[in-house]
Amino acid sequence: GSTIGILGGGQLGRMLSAAASRLGLRCHIYEPGANPPAADVAHALTTASYDDHEALAAFAASVDVVTYEFENIPAPALDLLADSAPIRPGRRALEVSQDRLTEKTFLCDLGLRTAPFVACDDAGALRDALAQIGPRGILKTRRFGYDGKGQVRLDAPDQCEDAIAQMAGAPAILEGFVDFSAEVSVIGARSASGDIACFDPGENEHRDGILHRTLVPSRLSPSLRSDAVLLAARILNALDYVGVMGVELFVTPDGLVVNEIAPRVHNSGHWTQLGCAVDQFEQHIRAVAGWPLGDGKRHADVEMLNLIGDDILTAHEHAGQTGTQLHLYGKAEARPGRKMGHINRLRSAG
Ligand code: ATP
Ligand code: MG
Ligand code: MG
């Protein structure tokens with residue numbers, strides 16, 4: 001059978017491996033960190049850094065296709081891998097989504113709406129940008145941000161010095177603050193032959209910058225729901241994408257605004273494990289393995305709740321409830337802000 005190489009051994013890599021295993025496929029995980037959550041589900045594990053070119057070459061030689069669960073893979077490692085295996089989704093999707101400036105420029109060139117944005121690396125540029133697109137904005141590091149890290153909100157010129165100082169020299173982008181009524185996301189999939197299937201958009205709630213809850217169905221009107229799915233398909237096609245992508249959207253009175261895209265399975269798509277015959281993890285594995293996409297139609301109303309940090313201590317309270325799935329990632333240490341697991345439950349189960 002085929003072997004899928006996965007860069008990254010976190011919970012997403014773990015759930016991808018489990019889905020691959022159900023399809024009779026093998027997974028080889030490449031992960032620099034010790035004791036990755038994916039280790040006990042994968043068939044093979046390489047624990048080595050992305051600078052270890054010997055380990056990377058051996059990994060690439062052992063797999064039929066390379067995919068990934070996070071977007072910050074160093075370019076030299078990708079160059080090396082690309083010599084011996086196809087990388088799915090492809091390099092362009094990674095390049096676009098690794099940098100918020102590149103990403104927003106790409107989305108606007110496609111004719112989609114984003115927050116207004118200006119690259120700002122010093123306080124003077126930031127003051128000018130805030131005057132132009134303010135009065136409220138969010139300064140974000142262009143690269144490596146997740147779970148709201150590397151972001152500063154500002155609404156007055158005298159906050160600019162401090163905001164730039166918090167970027168600690170990292171290249172940054174100011175985004176105008178979007179006054180949204182809701183946040184939704186589309187999890188879309190595109191197969192190697194170019195077929196597209198999108199899951200029903202979910203509605204997302206964040207707490208302290210981290211996803212707290214996803215609800216399906218969302219409260220989107222039928223016309224916004226089809227806008228959301230069509231714009232996701234446009235992005236997938238433009239990137240000649242193969243695999244699953246998460247597209248985060250703001251709902252505004254003027255329509256949908258794209259917040260960001262993630263070239264991988266997405267936390268806000270975990271509800272598909274309970275709500276669909278084929279979930280986002282299986283859909284991604286099918287796509288990268290060159291299979292046809294499966295049936296991702298939603299057959300239930302679902303609530304997904306993240307278990308963050310100490311939430312894990314009360315996980316057992318959910319275990320016996322009707323219509324409830326408990327997913328735990330096997331992480332030993334429950335640090336604050338750390339994603340430890342999630343719960344999917346039928347909204348009708350009450
Ligand atoms: P993720 O974990 O989703 O990758 P991230 O660190 O990349 O998070 P963003 O998605 O950019 O962060 O922002 C986190 C949250 O902050 C958003 O879901 C939204 O609630 C809010 N936010 C981000 N950008 C804006 C904006 N321009 N206007 C209003 N709210 C915003
Ligand atoms: Mg992000
Ligand atoms: Mg986000």
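The paragraphs below set out a description of the structure included in this document. Every value quoted in this text rests on a predicted model; they were computed, and no experiment measured them. (Residues numbered from 1 in each chain as written. Chains lettered and ligands numbered in written order. Predicted model: local features only at pLDDT ≥ 70, side-chain atom pairs only at ≥ 80, totals over all residues.)

### Here's the deal with the sheet that holds strand β5 (residues 117-119)
And step 1. An order of β5-β8-β6-β7 is seen for the four strands of this open sheet, with the pairing classed as antiparallel. Across the chains shown, the open sheet's two edge strands, defined by having one partner strand only, are β5 and β7 (151-154). Sheet twist, expressed as the average angle between the axes of neighbouring strands with direction ignored, equals 20°.
And step 2. Pairing analysis gives three bridges linking β5 to strand β8 (residues 172-176), with the strands arranged antiparallel. Bridge pairing in β8 links F117 to E175.
And step 3. Each of β5, β6 (137-141), β7 and β8 is contacted by helix α6 (residues 123-133), which is oriented at about 20° to β8, the strand it contacts most. (Pairing = 2+ DSSP bridges. Helix = DSSP H or I, 4+ residues; strand = E, 2+ residues; numbered from the N terminus. Axes fitted to C-alpha atoms, helices over the stretch in contact; angles between N-to-C directions. Contact = placed C-beta atoms within 7 Å.)

### Section: the packing of helix α4 (residues 91-98) against helix α5 (residues 100-109)
And step 1. Axis separation between α4 and α5 bottoms out at 5 Å; the angle between their running directions is 110°. Here α4 is positioned roughly perpendicular relative to α5, judged by the angle of their axes. Mapping the contact onto sequence places E95, V96 and S97 in α4 and T102, E103 and F106 in α5.
And step 2. Grouping the amino acids of the contact of α4 with α5 by side-chain chemistry returns two nonpolar, two polar and two charged. (Parallel < 35°, antiparallel > 145°, perpendicular 65-115°, else oblique. Nonpolar A, V, L, I, M, F, W, Y, C, P; charged D, E, K, R; others polar.)

### A word on the nonpolar core
And step 1. Core analysis: the biggest nonpolar cluster contains 63 residues, and I4, L16, A228, A232 and I285 have the highest contact counts within it.
And step 2. A total of six residues in this core trace back to one element, the largest contributor, which is helix α8 (residues 222-238).
And step 3. Shared between two domains, this core takes at least three residues from each, and those domains are domain 1 (3-87) and domain 3 (182-349).
And step 4. Once residues within four sequence positions are removed from consideration, A232 is found in contact with V186, G188, C198 and V247.
And step 5. Ranked by size, the runner-up nonpolar core spans 14 residues in total, among them L126, L154, I164 and A172. (Core = buried A, V, L, I, M, F, W, Y, C linked by C-beta atoms within 7 Å. Buried ≥ 20, exposed ≤ 12 C-beta atoms within 10 Å, placed from the backbone. Domains from an automatic or database assignment.)

### Examining the sheet that holds strand β4 (residues 65-68)
And step 1. Read from one edge of the open sheet, four strands run β3-β2-β1-β4, paired in parallel fashion. Looking at the sheet topology across the chains shown, the edges are occupied by β3 (44-46) and β4. Adjacent strand axes in the sheet meet at a mean angle of 25° when their direction is disregarded.
And step 2. Of the pairings in the sheet, the one linking strand β2 (residues 26-30) to β3 comprises three bridges and is parallel in character. From the neighbouring strand, H28 faces β3, where its bridge partner is A44.

### Overview of α8
Owing to its 3.6 residues per turn, the α-helix aligns residues three or four sequence positions apart on the same side.
And step 1. Compared with the 24 Å implied by 1.5 Å per residue over 17 residues, the 24 Å span of α8 between its first and last C-alpha is a close match.
And step 2. Among all positions of α8, only A228, V229, L231, A232, I235 and L236 are buried. For α8, the angular spread of the buried residues around the axis is 160°, confining them to a single face. For α8, the exposed residues lying more than 90 degrees away from the buried face are P222, S223, S226 and L230.
And step 3. Elements that come into contact with the buried residues of α8 comprise β9 (182-190), β10 (196-198), β13 (243-252) and β14 (255-262).
And step 4. Where α8 terminates, the next one or two residues include D240, which has phi positive at roughly 50°. (Expected span 1.5 Å × (residues − 1). Arc of directions from axis to C-beta.)

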